[in-house]
Amino acid sequence: ACSCFFVFRGGRWKMPVPTHEALKGVSAYDILLEKLKHAKAAEIVKTMEHFVASFLKMDIDASSQSPQEEEKPWNVIQAFLERVTGQMRESAVWSGEEPKEWEATLIATESFIFRKIGHKIDSEEELQQNTELFGRIKSLAFISVEHLEMTARPKSEEEWATAEGMIRSLSREAGPTAKIQIIVELSREIMRVLTEACQQNGSHALPGADDFLPAMILVVKRANPPTLHSDLKLIYQYSAPVRLMSEAGYVFTHLQSAVAFLRTLDATALSITPSDFDRGMRRCQEQARQDMARTLSGIEDGGASGKETSLRTTDRNGGAGGISRQQQQQQPEEGGPSNPQESLDIREVRGLRAGGS
């Protein structure tokens, strides 16, 4: 957080309006917090407090099923954000911001509100879906670039480390637009790795969609972020439509397609025999059970010695946690960010574009 200073004017100490110029190097989110502390932002703060208190009393399930579109929680949030940011733009605290600064403020404001209400949106069902997807992807840890028929391959798998870190960072952002920004940067990082791989292999051709989607699948499989289901659903349901246009919509669709592919994957969709596929699944499931046993043993030992032990341990392929056969076969629920009706072949899923699924 930043410390604000005061100036003496007209016989009184007054706090000047914080500016992006004066707070260089400070994140847009922290600048927003500083501006909200200003006396001239008091009414804006009251408006936000009132909305958050009202939203936290909302029956999310009932509102989601309402026949009135304006009563659905995602539309309620978007309507409020449009209203409050309109008030902010007219306030002396924000009226002087340049277009780029104001765009950053819009995203920061959305994130600020979602930090206050995010726990209300995540239902027990969503948490369970996160667990099931995490376990499903972990059971596919044996899948390699050969299985995905990737033609552009970096010489070292460590080349994917930055992309893996990006997708894992989705859960650290609260607002859907901030998450979308991460996904766009993720896609650019994947293309960078693929382009360098092509050059290293002596090819002058640039990577295309046939290279990009298998690479996205590989990165999702390797990173296996534990809240991926709810992150995607938040973007799908709560983003303003304009935020999913052009490049953002294109890459978000590819990420959805990658997750749909991993959800429903079987041997027929890969360059692998059914027996090898089943063998790989069993090996990964057994490894997951062993990881969980070690984790639980560590918790018991930690409890006996009075030391704290983390419930979650991580590895290169996504972390700890066993998964039952029933969970592995669980299909995504109707209305989620992706709703595949059948297993998708890698060749078919490559053809998916932003216009559909």
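As recorded in an unreviewed UniProt entry, the protein chain goes by the name VPS9 domain-containing protein, listed as coming from Octactis speculum.

Give me the lowdown on unusual backbone geometry, citing residues and values where you can.
If you check the backbone angles, Asn224 has positive phi at about 45° while not being a glycine. Here Asn224 is to be found in the loop between helix H9 (209–223) and helix H10 (228–238).

Can you explain H9? Please cite residues and give values.
With 15 residues, H9 extends 21 Å between its outermost C-alpha atoms, agreeing within 8% with the 21 Å of an ideal straight helix rising 1.5 Å per residue. The element H9 is extensively covered by neighbouring structure, given that 14 of its 15 residues are classed as buried. At the C-terminal side of H9, Asn224 shows a positive phi close to 45°.

Kindly report on the confidence of the model for the protein chain, identifying the contributing residues and their values.
Mean pLDDT for the protein chain: 77, with 70% of residues reaching 70 or above. Counting interchain partners and residues more than four positions distant, the pLDDT-below-50 stretch residues 1–13 has 20 contacts. Between residues 304–357, whose pLDDT stays under 50, and residues either more than four places distant or in other chains, the model counts 124 contacts.

Tell me about the packing of aromatic side chains, and name the residues and values.
Tallying each qualifying case throughout the model produces five aromatic pairs. Ring centres of Tyr29 and Phe112 lie 6.4 Å apart, and the angle between their planes is 45°; this geometry places the pair in the tilted category. Pair noted here: Tyr29 is in helix H1 (residues 28–36) and Phe112 is in helix H5 (residues 99–121), with a separation of 83 residues, a long-range link. Overall, Phe112 belongs to the buried group, its relative accessible area being 13%. Ring centres 5.8 Å apart and planes at 35° place the aromatic pair Phe51 and Phe55 in the tilted group.

Outline the pattern of salt bridges, listing residues and values.
Scanning all chains against the criterion turns up 14 salt bridges. Measuring nitrogen to oxygen at the nearest pair gives 2.9 Å for the salt bridge that ties Lys37 to Glu34. Of the charged contacts in the structure, one is a salt bridge between Arg192 and Glu196, with a shortest N-O distance of 2.9 Å. Taken together, the residues Arg192 and Glu196, both in helix H8 (residues 176–200) and four residues apart, mark about one turn of the helix. What emerges from the salt-bridge pattern is a single network uniting Glu157, Glu164, Arg168 and Arg222.

Could you give an account of the nonpolar core, naming the residues involved and the relevant values?
Where a protein is soluble and globular, its nonpolar side chains tend to be buried together. Core analysis: the largest hydrophobic core is formed by 43 residues, its most contacted members being Met150, Trp160, Ile167, Ile190, Met216, Val220 and Leu255. Every element with two or more residues in this core is listed here: helix H6 (124–138), helix H7 (161–168), H8, H9, H10 and helix H11 (246–264). Setting aside residues up to four positions removed in sequence, Met150 forms contacts with Val145, Trp160, Leu194, Pro214, Ala215 and Leu218. By size, the runner-up hydrophobic cluster in this structure holds 29 residues, among which are Leu32, Phe51, Ile77 and Trp102.

I'd like a description of the packing of H6 against H11, backed by residues and values.
Any two packed helices are characterised by how steeply their axes cross, that is the angle between the axes, and by the distance between the axes. Where H6 contacts H11, the axes come no closer than 9 Å and their chain directions differ by 75°. In terms of orientation, H6 lies roughly perpendicular with respect to H11. Seen from H6, the contacting residues are Gln129, Leu133, Arg136 and Ile137; seen from H11, they are Val259, Leu262, Arg263 and Thr264. Of the residues assigned to the contact of H6 with H11, the class counts are four nonpolar, two polar and two charged.

Tell me about empty space enclosed by the protein, and please be specific about residues and values.
Applying the stated criterion to the full structure yields two cavities of 30 Å³ or more. Volume-wise, the second largest cavity comes out at about 30 Å³. Along the walls of the second largest cavity sit Pro154, Lys155, Glu159, Val193, Glu196, Ala197 and Gln200, which together make up its complete lining. Taken together, the residues of the lining of the second largest cavity break down into three nonpolar, one polar and three charged.

How each quantity is defined
- Residues numbered from 1 in each chain as written.
- Predicted model: local features only at pLDDT ≥ 70, side-chain atom pairs only at ≥ 80, totals over all residues.
- Heavy atoms only, no water.
- Helix = DSSP H or I, 4+ residues; strand = E, 2+ residues; numbered from the N terminus.
- Expected span 1.5 Å × (residues − 1).
- Buried < 20%, exposed > 50% of the residue type's maximum accessible area, 1.4 Å probe, protein only.
- pLDDT = per-residue confidence, 0-100.
- Contact = heavy atoms within 4.5 Å.
- Phe/Tyr/Trp six-rings, centres within 6.5 Å; stacked < 30°, edge-to-face > 60°.
- Salt bridge = Lys/Arg side-chain N within 4 Å of Asp/Glu carboxyl O.
- Core = buried A, V, L, I, M, F, W, Y, C linked by side-chain atoms within 4.5 Å.
- Axes fitted to C-alpha atoms, helices over the stretch in contact; angles between N-to-C directions.
- Parallel < 35°, antiparallel > 145°, perpendicular 65-115°, else oblique.
- Nonpolar A, V, L, I, M, F, W, Y, C, P; charged D, E, K, R; others polar.
- 1 Å grid on protein atoms, 1.4 Å probe; cavity = no way out; pocket = protein on both sides within 12 Å on 5 of 7 lines; lining within 4 Å.
- Points joined across faces, edges and corners; volume = space filled by probe spheres on them.

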